[in-house]
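Summary of the model geometry
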Amino acid sequence: MKLFILLVGAICSTVVGFSQNIPDSCQYQVEGRVLDIGNQQPLAFASIQIEGTTQGAVTDEAGHFKITQVCYREFDLVISFVGYKTAIHHHDPFHKNPQILLASDSLVLKSVVIEEEVLTGELFSSSVSGLSAQELATHQSQSLGDLAGEITGVSVLKTGQNIVKPIIHGLHSNRVLIVNNGVRHEFQNWGAEHGPEIDPSLAKNIKVVKGAATVRYGPEALGGVLLIEPPKLDFLTSLQGEVQAVGQSNGRSGEGTVQLQKGFHHIALMGQASVVRQGDLHTPDYQLTNTGKREQSGAFTTRLHWGNTDVVAYFSHFDQELGILRGAVTGNLTDLVNAIEQTPPPLTQPFSYEIENPRQRVRHNMAKVRGQWFGENQSVEVQYAFQHNRRQEFDVRRGTNNLRPAIDLVLTSHSLDAAWEHPSLYQWEGRFGMQGLVQDNNNLPGTNTTPFIPNFNVNRIGLYLIERRPLGDDWLEGGIRYDYQNLSVRGREQNNDIYRNELIFQNVTATLGLVKQLSDHETLRTNLGTAWRPPNISELYSFGRHQASIEYGLWRYAFQENGSISTDDILTQEEHPVFSEVGFKWIGTYESTQENRQTEITAYVNYIQNYIYTKPTGITQTIRGAFPFFIYDQDDALLMGIDASTTLEHAHHLSSKIQGSYLWAKNVTNSEYFVGLPPANLRYQLSQRRGRWGMLDESSWSISAHYTFRQFQAPRTIPIRDILEVEASEQNLFAENDTIFDILPPPDGYFLLDLAWSGQVDHFTVGLQAQNILNTSYRNYTDRLRYFADETGRNFLLSLKYSF
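Residues numbered from 1 in each chain as written. Predicted model: local features only at pLDDT ≥ 70, side-chain atom pairs only at ≥ 80, totals over all residues. Heavy atoms only, no water.

**Topic: the overall build of the protein**
Looking only at helices and strands, the protein has eight helices and 45 strands in total. Computed over C-alpha atoms, the radius of gyration of the protein comes to 27 Å, within 12% of the 28 Å expected from 2.2 N^0.38 for 804 residues, which places it in the range of a compact globule. For the protein, the spread of C-alpha atoms along the principal axes amounts to about 90 × 65 × 50 Å. Residues classed as buried in the protein amount to 55% of the 804 residues present. Long-range contacts, defined as pairs at least 24 residues apart, comprise 65% of the intrachain contacts of the protein with a sequence gap of at least 6. Here the protein displays about 34100 Å² of accessible surface, and carbon together with sulfur accounts for 55% of that area. Taking the average place of the 64 positive charges on the side chains of the protein and the average place of its 87 negative ones, the gap between the two points comes to 4 Å. (Helix = DSSP H or I, 4+ residues; strand = E, 2+ residues; numbered from the N terminus. Rg over C-alpha atoms; globule rule 2.2 N^0.38 Å. Buried < 20%, exposed > 50% of the residue type's maximum accessible area, 1.4 Å probe, protein only. Contact = heavy atoms within 4.5 Å. Areas by Shrake-Rupley, 256 points an atom, 1.4 Å probe, with all protein chains shown as cover. Lys, Arg positive; Asp, Glu negative; His and termini not counted. Charge placed at Lys NZ, Arg CZ, Asp CG, Glu CD.)

**A word on the packing of aromatic side chains**
This model, assessed by the stated rule, comprises 15 aromatic pairs. Taken together, a centroid distance of 5.7 Å and an interplanar angle of 25 degrees make the contact between Y499 and Y541 stacked. Here Y499, found in strand β29 (residues 498-517), pairs with Y541, found in helix α7 (residues 537-541); they are 42 residues apart in sequence, far enough to count as distant. Summarising the aromatic geometry, the rings of F543 and Y552 are spaced 5.4 Å apart at their centres and angled 65 degrees between planes, so their arrangement reads as edge-to-face. (Phe/Tyr/Trp six-rings, centres within 6.5 Å; stacked < 30°, edge-to-face > 60°.)

**A look at the pattern of salt bridges**
Close approach of charged atoms allows side chains of opposite charge to pair. All told, the structure shown has 29 salt bridges when counted by the stated rule. In this structure, E791 and K158 form a salt bridge, with 3.4 Å as the shortest nitrogen-oxygen distance. Within this pair, whereas E791 is found in the loop between β44 (764-771) and β45 (795-803), its partner K158 is found in strand β10 (residues 154-159), the two being separated by 633 residues in sequence. A relative accessible area of 6% means that K158 is categorised as buried. (Salt bridge = Lys/Arg side-chain N within 4 Å of Asp/Glu carboxyl O.)

**Brief notes about the packing of helix α6 (residues 333-341) against helix α8 (residues 720-728)**
For the pair α6 and α8, the least separation of the axes is 9 Å and the interaxial angle reads 160 degrees. Classed by the angle they form, the pair α6 and α8 counts as roughly antiparallel. Read as a crossing pair, α6 and α8 show a hand that is left-handed. Here L333, T334, L336, V337, I340 and E341 of α6 come into contact with α8, specifically with I720, R721, I723 and L724. Of the residues in the contact of α6 with α8, the class split is seven nonpolar, one polar and two charged. (Axes fitted to C-alpha atoms, helices over the stretch in contact; angles between N-to-C directions. Parallel < 35°, antiparallel > 145°, perpendicular 65-115°, else oblique. Left-handed = near helix turned anticlockwise from the far one by under 90°. Nonpolar A, V, L, I, M, F, W, Y, C, P; charged D, E, K, R; others polar.)

**Some thoughts on the confidence of the model for the protein**
Confidence along the protein averages 88 in pLDDT terms, with 92% of residues attaining 70 or more. Predicted confidence in the protein is weakest over helix α2 (residues 116-120), with a mean pLDDT of 43, and strongest over strand β19 (residues 281-282), with 97. The low-confidence segment residues 3-8 (pLDDT under 50) makes 13 contacts with residues lying over four places distant or belonging to another chain. Segment residues 10-23 is flagged for pLDDT under 50; beyond a separation of four residues in sequence, or across chains, it makes 20 contacts in the model. (pLDDT = per-residue confidence, 0-100.)

**Thoughts on the environment of E186**
Mapping E186 onto the fold places it in the loop between β13 (183-184) and β14 (205-209). Expressed as a C-alpha distance, the spacing of E186 and I608, which sit 422 residues apart in the sequence, is 23 Å. Engagement of the side chain of E186 in a polar contact is seen with the side chain of R184, the distance being 3.2 Å. Polar contacts involving the side chain of E186 include one to the side chain of Q439, which spans 2.9 Å. (Polar contact = N/O pair within 3.5 Å; in protein donor to acceptor, adjacent residues only side chain to side chain.)

**Some remarks on α8**
Three or more residues of α8 are buried, namely I720, I723 and V726. Projection of α8 onto a plane perpendicular to its axis shows the buried side chains occupying an angular sector of 125 degrees, all on one side. Opposite its buried face, α8 presents the exposed residues E725 and A728, each directed more than 90 degrees away. Just downstream of α8, E730 is the residue with a positive phi angle, here 60 degrees. (Arc of directions from axis to C-beta.)

**Description of α6**
Considered for burial, the residues of α6 that qualify are L333, L336, V337, A339 and I340. Buried residues of α6, viewed axially, fall in a sector of 165 degrees; they line one side.

**With respect to the nonpolar core**
Inside soluble globular proteins, nonpolar side chains tend to come together where they are buried. Core analysis: the largest hydrophobic core is formed by 30 residues, its most contacted members being L487, L540, Y541, L554 and W555. Elements with a minimum of two residues in this core: β25 (407-425), β27 (455-471), β28 (474-492), β29, α7, β32 (549-552) and β37 (625-649). Discounting chain neighbours no more than four positions away, the residues touching L487 are F456, N457, V458, N501, E502, L503, F505 and L540. Counting 20 residues, the second largest nonpolar core, distinct from the first, contains L336, V337, F734 and F741. (Core = buried A, V, L, I, M, F, W, Y, C linked by side-chain atoms within 4.5 Å.)

**Looking at the sheet that holds strand β12 (residues 176-180)**
Taken in spatial order, the five strands line up as β9-β14-β15-β12-β13 in an open sheet, and their pairing is mixed. The open sheet has two free edges, formed respectively by β9 (128-130) and β13, since each of these has just one partner strand. (Pairing = 2+ DSSP bridges.)

**Topic: the sheet that holds strand β6 (residues 87-91)**
Strands in a sheet are paired, the pairing made by backbone hydrogen bonds, and the direction either parallel or antiparallel. If you trace the four strands from one edge of the open sheet to the other, you get β3-β2-β5-β6, paired in antiparallel fashion. Each of the sheet's edge strands pairs with one partner strand only, and the pair in question is β3 (56-58) and β6. Geometrically, the sheet is characterised by an average inter-axis angle of 20 degrees between neighbouring strands, direction not taken into account. Both strand β2 (residues 47-50) and β3 contribute to a ladder of three bridges, which runs antiparallel. Of the residues in β3, the one forming a bridge with I48 is A57.

**Things to note about unusual backbone geometry**
Both trends apply: most residues other than glycine have a negative phi, and most peptide bonds are in trans. Cis geometry is adopted by the peptide bond preceding P344, which originates at T343 and carries an omega value of -5 degrees. Summarising the element assignment, P344 is placed in the loop between α6 and β23 (359-375). Of note, H169 is a non-glycine position whose phi angle comes to about 50 degrees, a positive value. The exposure class of H169 is buried, given its relative accessible area of 4%. Positive phi values are uncommon outside glycine, yet D762 reaches one of about 55 degrees. With respect to the helices, strands and loops of the structure, D762 is situated in the loop between β43 (750-761) and β44.

This is the structure we're talking about:
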């Protein structure tokens, strides 16, 4: 970290040498585009005026405007167009090329301004997809994972309805990086049943970077990056806010959110808060006992601006308690057979708001300070963030141990990021940056269990450079990054002796991309990049039972001469070499924007060396009976697929949206399929927006159809009863064939139908939704609880929002 701080100082010194004082003359200018917020079409002949002056401009047919010879360093732009809501934007010479998205007078949405760095990100050639403002407003009461699952190419990994994680192009958990408000979200991401502790109701925008984004964001971005952006803080605004209440029939849940914002000349403030309480969910046929949820979250943001400096301070708190389906807890293989075969699941009880074991309690705090300095054609950004994450998992145990958490972990993270956007040099534009991370993860005493993972510390530093230059109407882009990570491990062996280990991981990653302008309405983005991640602590050192399985990390088992497995010793890198995962991903995206049609098609190929996964190895006897156990192993994996979406604008304000995705993936070393790959799916939505109608100022409705196919890329199936029979005969079912297996075949495909309607009267907006309106009984292949219960049935949702 000392080296990191010295390098930050060196950058700042270099920047000062490049900077020049801007003379006080009429040499300033501003240019940008004005678009319709709904269909992103340019608005010709829109008026842009510098407030308090006679200077201004009118947009051309492409929505472009330019005002030159401005005498003020900072000024307010007033953007207006007949039939649209006026926007006011505080502008300075350091934020160029604003994009103004005007909202029609008939819409609830407000007009917004997006500045250049938010628009483009730092990787032009990557494929980036997101949700529209209307889609985000419709689905914002869902979990973060479910919300991200609305984006084309993104699926979800679930442990019931409350624990949801995004899957990007077949990868999840430690292979998908989550960036919340510009900060890498640090949590116990090694567990598939550990969801991100982020409240999506506090977000304003959610995007997915689908390329190999390690060069910009660091290790673990093999699948992609989920970007969560907060509401933008504007200056010179009156007190604005929203108060919303949401009720849902399935789970009898209630949710309340509030947001307040005020902008002054040099300071802007915003506060947000949310609370959720949910009871037991239900399928079309039975109750899902112990699936309640309690959640509280809040955030406060302030932005300061003076001269050429911007400072943003942010703090958020998230507190969540989740119940896990009671019928999914088993004591041994016999209990597991009963749980799988019984309908409804064992221990099903009437509806309740109580949350009993098994359950999770998670609290996450995040504080950050970001400073930006803007010079002539350059900028420097420095950001420090602190995160504190505590995770408690309560299992069904005997006696007073039932009150104790089986897992009690505290993770503290300190991160320091610095970046310099340098002046253009021979048409090359780019950024040089550094990222540092210090982490401390500890098992708290009092669980009366052997820790599933040991304590550890992480120290990481990364340096990256991203450069791009225009080639006529096209862009060429390249980047390179170096990461160095030290992992310090300390834990206890079975005999209570302490063991320690010091590990070093390092890697160089690179990316090369091209943005090709095929025509005025067509663009091709293609990118070839490498990505990597070191093995996580669970993959190396997991030991014993976690949830419903027994697992042994790569260094917690060894094969004996007779083919059996010993878990008595802790291995080292010399005894069992373990390598970092290294991915090579190509992605290409075709984009077409016509007057009444928008189309995006993305194809990708991702080859991952040293892919880490679990596989079955045998049966072990415990005091609670016989259990299958799994070990971690490494092989090479290949993932390929295609995502596509198109939006069609019809007459009478009707529009259609069609989405689809397909993934093919395989363990190429052993030529076998993995468990839990998301199957192919198709979606169709028909929607309509209407202006004033009766007493309504605005209204909209939509009908959505979603079909998920059966997953045919699945490994072999070994029913639990077969395992019990073999175990009774004292044979080893996996001695001759240790390939991946599943205990149930993939479920059948299913069709879901959703309806939604919203209407606005003055400052009030009412929303009605009917989810799974046909009350379809189905099971989701990527839900880890599909062995025990169906997914939720019909759900009605009512929301009321007051905006001012």
